[in-house]
Amino acid sequence: MPNFSSFDGTSLYYDDQGDGTPVVLLHGFVGDINIDWVRSGILDLLLDEGYRTIAYDARGHGPSDKPHDVDAYAGDALAKDASALLDELGIDSCGAVGFSLGASTALRLAALDDRVGAVVAFGLGASS
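Notes on the structure in this doc start here. (Residues numbered from 1 in each chain as written. Predicted model: local features only at pLDDT ≥ 70, side-chain atom pairs only at ≥ 80, totals over all residues. Heavy atoms only, no water.)

**So, the environment of Pro 63**
Then step 1. Along the polypeptide, Pro 63 turns up in the loop between strand S4 (52–56) and helix H3 (77–89).
Then step 2. Judged by its relative accessible area of 42%, Pro 63 falls in the partly exposed class.
Then step 3. With 59 residues separating them along the chain, Pro 63 and Phe 4 place their C-alpha atoms 12 Å apart. (Helix = DSSP H or I, 4+ residues; strand = E, 2+ residues; numbered from the N terminus. Buried < 20%, exposed > 50% of the residue type's maximum accessible area, 1.4 Å probe, protein only.)

This is the structure we're talking about:
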């Protein structure tokens, strides 16, 4: 499984497929790459449309590290993880698609990282 070391050393699992315009996929709170993107068919749909899909399991999810210190999740840690993955893969520009918690992360990522040119955010709750 491919992993990368994020901004604070947390090891995160990721999946990178396709050759087109990059799209980062950010899963929901109780999801992971498989639940939110593979089983739903969204990842394959994007690949079929010619996009490069970059998905990762957020810290605390799937095979990614699961830090036990609450501070490891504080602030913009999730958005910083996404930026670190863009750095790792040498991505200059991309779109971001987020569901639920991933939607909030996508919006924060776009606010913090000018490489994100478009955001699709769905499943946002009233408190997001």
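More follows now that the structure is in view.
**Details of the environment of His 61**
Then step 1. Checked against the element boundaries, His 61 lands in the loop between S4 and H3.
Then step 2. Sequence spacing of His 61 and Gly 18 is 43 residues, and the spatial spacing of their C-alpha atoms is 24 Å.
Then step 3. Leave out the neighbours within four places in its chain, and His 61 touches His 27, Gly 28, Phe 29, Gly 31 and Lys 66.
Then step 4. Reaching out from His 61, the side chain makes a polar contact with the backbone oxygen of Arg 59 at a distance of 3.1 Å. (Contact = heavy atoms within 4.5 Å. Polar contact = N/O pair within 3.5 Å; in protein donor to acceptor, adjacent residues only side chain to side chain.)

**Some details on the pattern of salt bridges**
Then step 1. The full count for this structure, using the stated rule, is 6 salt bridges.
Then step 2. The shortest N-O distance in the salt bridge between Asp 16 and Arg 52 comes to 2.7 Å. Taken together, the positions of Asp 16 in strand S2 (residues 11–17) and Arg 52 in strand S4 put the pair 36 residues apart, joining distant regions of the chain.
Then step 3. For Arg 52, a relative accessible area of 18% gives the class buried.
Then step 4. Where salt bridges share partners, they join Asp 8, Arg 59 and Asp 81 into one cluster. (Salt bridge = Lys/Arg side-chain N within 4 Å of Asp/Glu carboxyl O.)

**Overview of the sheet that holds strand S1 (residues 3–5)**
Then step 1. An order of S1-S2-S4-S3-S5-S6 is seen for the 6 strands of this open sheet, with the pairing classed as mixed. On the outer flanks of this sheet lie S1 and strand S6 (116–122), each paired with one strand and no other. Mean inter-strand twist for the sheet, computed between neighbouring axes without regard to direction, equals 25°.
Then step 2. Alignment of strand S3 (residues 22–26) against strand S5 (residues 94–99), held across 4 bridges, turns out to be parallel. Within S5, the residue paired with Val 23 across the bridge is Gly 95. (Pairing = 2+ DSSP bridges. Axes fitted to C-alpha atoms, helices over the stretch in contact; angles between N-to-C directions.)

**Topic: a nonpolar patch on the surface**
Then step 1. On the surface, a cluster of nonpolar side chains totalling about 230 Å² of accessible area is made up of Phe 99, Val 120 and Phe 122.
Then step 2. Inspection of the secondary structure puts Phe 122 in strand S6.
Then step 3. Judged by its relative accessible area of 32%, Phe 122 is partly exposed. (Patch = residues over 30% accessible without salt bridge, like charges linked within 9 Å, V, L, I, M, F, W, Y side chains within 5 Å. Areas by Shrake-Rupley, 256 points an atom, 1.4 Å probe, with all protein chains shown as cover.)

**Describing the nonpolar core**
Then step 1. Counting residues in hydrophobic clusters, the biggest one holds 20 residues, and the most contacted among them are Val 24, Leu 26 and Tyr 56.
Then step 2. Among the secondary structure elements, those contributing two or more residues to this core are S2, S3, S4, H3, S5 and helix H4 (101–112).
Then step 3. In terms of residue count, the dominant contributor to this core is H3 (6 residues).
Then step 4. Ignoring any residue separated from it by four or fewer positions in sequence, one finds Tyr 56 in contact with Leu 12, Tyr 13, Tyr 14, Val 24, Leu 25, Leu 26, His 27, Ile 33, Leu 78, Asp 81, Ala 82 and Leu 85. (Core = buried A, V, L, I, M, F, W, Y, C linked by side-chain atoms within 4.5 Å.)

So far we have only geometry, and geometry alone does not tell us how the molecule works.
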